[in-house]
Amino acid sequence: MRERQTLFTYVYRDLEEQILSGRLKYGDKLPSLSGLSERYHVGVRTVKDVLCALREKGYIRTEERKAAVVVHRQTELNAAASSVLERRTAILEVYRTVELLEPPLLAFCARICGEEERKRLARDIARLRGKDPEQRGQICTGCIHALAEGSRSLLIGDLFTSLGIYTRMPLFRGRERFVELVAERGGFPSVAWAMESLLTRDADEITARFGAVFRTVTSAVQAYLDEMSRTFGGVPEDPSKGFDWAAERGRDHYYMQVTQDLIDKIGTGEYAAGAFLPTEAALSDAYGVCIATVRKALSMLNELGFGQTVPAKGTRVVLQDNKATMRVLKNKTFKRDTLRYLSGLQLMAVIIRPAAALACEGMDGETLRELERRLRSCGGIPLDILVQWVMGHQSLRPMKTILQATNRLLHWGYYFAFYSDGPSSAELLTQKSLDAFFCLRSGDRQGFADTLSACYCHILEFVRGFMVEYGLAEAAGIVTPDLI
């Protein structure tokens, strides 16, 4: 079981961090209750509790029917500098992660945007000329989020927002010295030059131009942090203030973790169709939760069509059928969960490429042999073994965080439940996964990354096809990255 972080704690810590670091400055207005609720995927009641706690700490002022206002002041530059320096390594790692992930994600979003979205994008890009850096930044941010929204993904826009919040350092923006450091590197002619590539829909061109921008900015950030360290030296780093992203906010309760694990075991054949699950007491002991939590998990299992609780006997395992799937998709919450699952497959298909390339940088012969031993052992799912290896060999902690958060959405049970014989029937996915390993073993690292991506594209198409057939028309909008 993962360590539980309440939604209140997550939202409170994030807003507190923004205020203390100066990203939310004195006098800034917070989004509305509904805006914060949508941003963090929590209820309005949770947002109200967070704002009340922030007000009691003296961070904000609230008035009826008005936006909350930040009233916390940084008493001196040293305080803001200390806040940045105590997480300087984490900041650099986030910038480097942005450098690897955002160019291909932007290329993907640009290629699938509609004609009206493209015209609106062209108008916004034309407005960049003659604007000051702050205004250009706002226009670019707006363009990027409009592209993410146009992708119909439930995750890409949220990921962009989380990365943007963490990299939006007030001690960088508008500082003459930082602007000089960016200009000294001469890595790109202008921001407009990069933004204009989005109109071409040429993935290689978009990736190249935005890659140049992000590499230059990352280099300037490192130089600026080095100068700050020399000026305000002696600030120890705080490892607890790293990047965080919760792809499944609102779905990480204990009972949902139990439900998801049971579905995985059903889909992969550990619990066979028709068999009874362990007793409530046994499940309570196995997961370290109370009986009430187990009952909520079993109730959810029944609703999802993976179980049938029989009075005085227990819960019998059932596999998905047409009627169960159609019944579940009539529920608004489950429909959104399914779209989030498909969005996770789509996101993983894009980000696994740069993540796999990064993992390969530290690979040696012994590492490769150990991976081959794990693949040859019985009982494992080849793609899962390969992706766990990729996640375990990430040198950038934010990249690992994003991979883990996305991977937690992709429960094997939901995929294998559509096969009558579970994993043994999924021969195509197994072969694709082994092809990826053969590429890695032969030294073709690009082939390894591309084939891993193809595996997720295959799962996306397979599950999406079922969902559309059973009445979830919105699923058709989750585009497969390799078919655009």
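Residues numbered from 1 in each chain as written. Predicted model: local features only at pLDDT ≥ 70, side-chain atom pairs only at ≥ 80, totals over all residues. Heavy atoms only, no water.

(A) Representation of the overall build of the protein. Broken down by element type, the protein carries 22 helices and four strands. By the burial criterion, 50% of the 484 residues in the protein qualify as buried. If you take every contact in the protein between residues at least 6 apart in sequence, the share linking residues at least 24 apart comes to 76%. Of the roughly 22,500 Å² of accessible surface on the protein, 50% is carried by carbon and sulfur atoms. (Helix = DSSP H or I, 4+ residues; strand = E, 2+ residues; numbered from the N terminus. Buried < 20%, exposed > 50% of the residue type's maximum accessible area, 1.4 Å probe, protein only. Contact = heavy atoms within 4.5 Å. Areas by Shrake-Rupley, 256 points an atom, 1.4 Å probe, with all protein chains shown as cover.)

(B) Seen up close, the pairing of strand β4 (residues 314-317). Relative to β4, strand β3 (residues 307-310) runs antiparallel, the two being bridged by four bridges. Counterpart to Thr309 in the pairing with β4 is Thr315. Between the antiparallel neighbours β3 and β4 lie three residues, among them Ala312 with a positive phi of about 70°. (Pairing = 2+ DSSP bridges.)

(C) Region of the structure containing the pattern of salt bridges. The full count for this structure, using the stated rule, is 24 salt bridges. Here Glu63 ties to Lys66 by a salt bridge, and the two come within 3.6 Å at their closest N and O atoms. In this structure Glu63 comes out as partly exposed when scored by relative accessible area, which is 41%. Among the residues examined, Lys66 registers a relative accessible area of 58% and is labelled exposed. One connected set of salt bridges, linked through shared partners, spans Arg177, Glu180, Glu184, Arg185 and Glu227. (Salt bridge = Lys/Arg side-chain N within 4 Å of Asp/Glu carboxyl O.)

(D) Main features of the environment of Leu101. Note that Leu101 resides in helix α5 (residues 88-112). With 59 residues separating them in the primary sequence, Leu101 and Phe160 have C-alpha atoms 9.8 Å apart. Beyond its immediate stretch of four places on either side in the chain, Leu101 contacts Ile351, Pro354, Met399 and Ile402.

(E) Structural detail: the packing of helix α17 (residues 365-376) against helix α21 (residues 427-441). Running from N to C, α17 and α21 point in directions that differ by 160°, and their axes come no closer than 11 Å. With respect to α21, the element α17 is oriented roughly antiparallel. Here α17 runs over α21; the crossing is left-handed. In this structure, α17 contributes Leu368, Leu371, Glu372, Leu375 and Arg376 to the contact, and α21 contributes Phe437, Leu440 and Arg441. Tallied by class, the residues present in the contact of α17 with α21 amount to five nonpolar, no polar and three charged. (Axes fitted to C-alpha atoms, helices over the stretch in contact; angles between N-to-C directions. Parallel < 35°, antiparallel > 145°, perpendicular 65-115°, else oblique. Left-handed = near helix turned anticlockwise from the far one by under 90°. Nonpolar A, V, L, I, M, F, W, Y, C, P; charged D, E, K, R; others polar.)

(F) Layout of unusual backbone geometry. For Arg65, which is not glycine, the phi torsion reads 65° and is therefore positive. Turning to its location among the elements, Arg65 is positioned in the loop between β1 (60-61) and β2 (69-70).

(G) Representation of the packing of aromatic side chains within the structure. Scanning the model with the defined rule gives six aromatic pairs in all. Measuring from centroid to centroid gives 6.1 Å for Phe210 and Phe214, while their planes differ by 35°, and the two rings are tilted. Of the two residues, Phe210 and Phe214 both sit in helix α11 (residues 203-231), four residues apart, roughly one turn of that helix. One exposure class covers both Phe210 and Phe214, and it is buried. (Phe/Tyr/Trp six-rings, centres within 6.5 Å; stacked < 30°, edge-to-face > 60°.)

(H) Highlighting the packing of α17 against helix α18 (residues 382-392). As a packed pair, α17 and α18 sit with axes 10 Å apart at the nearest point and diverge in direction by 155°. Between α17 and α18, the crossing angle belongs to the class labelled roughly antiparallel. For the pair α17 and α18, the sense of crossing is right-handed. Contacts between α17 and α18 involve Thr367, Leu371, Arg374 and Leu375 from the first element and Pro382, Ile385, Leu386, Gln388 and Trp389 from the second. Class assignment of the residues belonging to the contact of α17 with α18 gives a composition of six nonpolar, two polar and one charged.

(I) Inspection of the environment of Gly142 at higher detail. Relative to the assigned elements, Gly142 resides in helix α7 (residues 133-150). Taking the relative accessible area as the measure of exposure, Gly142 reaches 39% and is therefore partly exposed. Each C-alpha atom, one on Gly142 and one on Leu121, is 9.5 Å from the other, the two residues being 21 residues apart in sequence.

(J) Structural view of empty space enclosed by the protein. Evaluated as defined, the whole model comprises three cavities of 30 Å³ or more. Around the second largest cavity sit Tyr341, Leu345, Asn407, Leu410, His411, Trp412, Tyr415, Tyr456 and Ile459, which together line it. Going through the elements one at a time, α16 (332-360), α20 (412-416) and α22 (445-469) are the ones with two or more residues in the lining of the second largest cavity. In terms of residue class, the lining of the second largest cavity is made up of seven nonpolar, two polar and no charged. (1 Å grid on protein atoms, 1.4 Å probe; cavity = no way out; pocket = protein on both sides within 12 Å on 5 of 7 lines; lining within 4 Å. Points joined across faces, edges and corners; volume = space filled by probe spheres on them.)

(K) Main features of helix α13 (residues 280-287). Inspection of α13 places Leu283, Ser284 and Tyr287 among the buried residues, and these make up the whole buried set. Looking straight down α13, one finds its buried side chains confined to an arc of 105°; they lie on one side. Away from the buried face of α13 by more than 90 degrees, exposed residues Asp285 and Ala286 are located. Elements in contact with the buried residues of α13: α12 (254-267) and α14 (291-304). Once α13 finishes, Gly288 follows within two positions and takes phi at roughly 70°, a positive value. (Arc of directions from axis to C-beta.)

(L) Structural view of the nonpolar core. Counting residues in hydrophobic clusters, the biggest one holds 113 residues, and the most contacted among them are Val390 and Phe448. At 15 residues, the largest contribution of residues to this core is made by α16. Not counting the four nearest positions on each side in its chain, Phe448 is found in contact with Ala356, Cys360, Leu386, Trp389, Val390, Ala436, Phe437, Cys439 and Leu440. (Core = buried A, V, L, I, M, F, W, Y, C linked by side-chain atoms within 4.5 Å.)

(M) Summary view of the environment of Met363. As for its position among the elements, Met363 is in the loop between α16 and α17. When its relative accessible area of 16% is taken as the criterion, Met363 is described as buried. Aside from chain neighbours lying at most four places away, what touches Met363 is Leu368, Trp389, Leu440 and Arg445.

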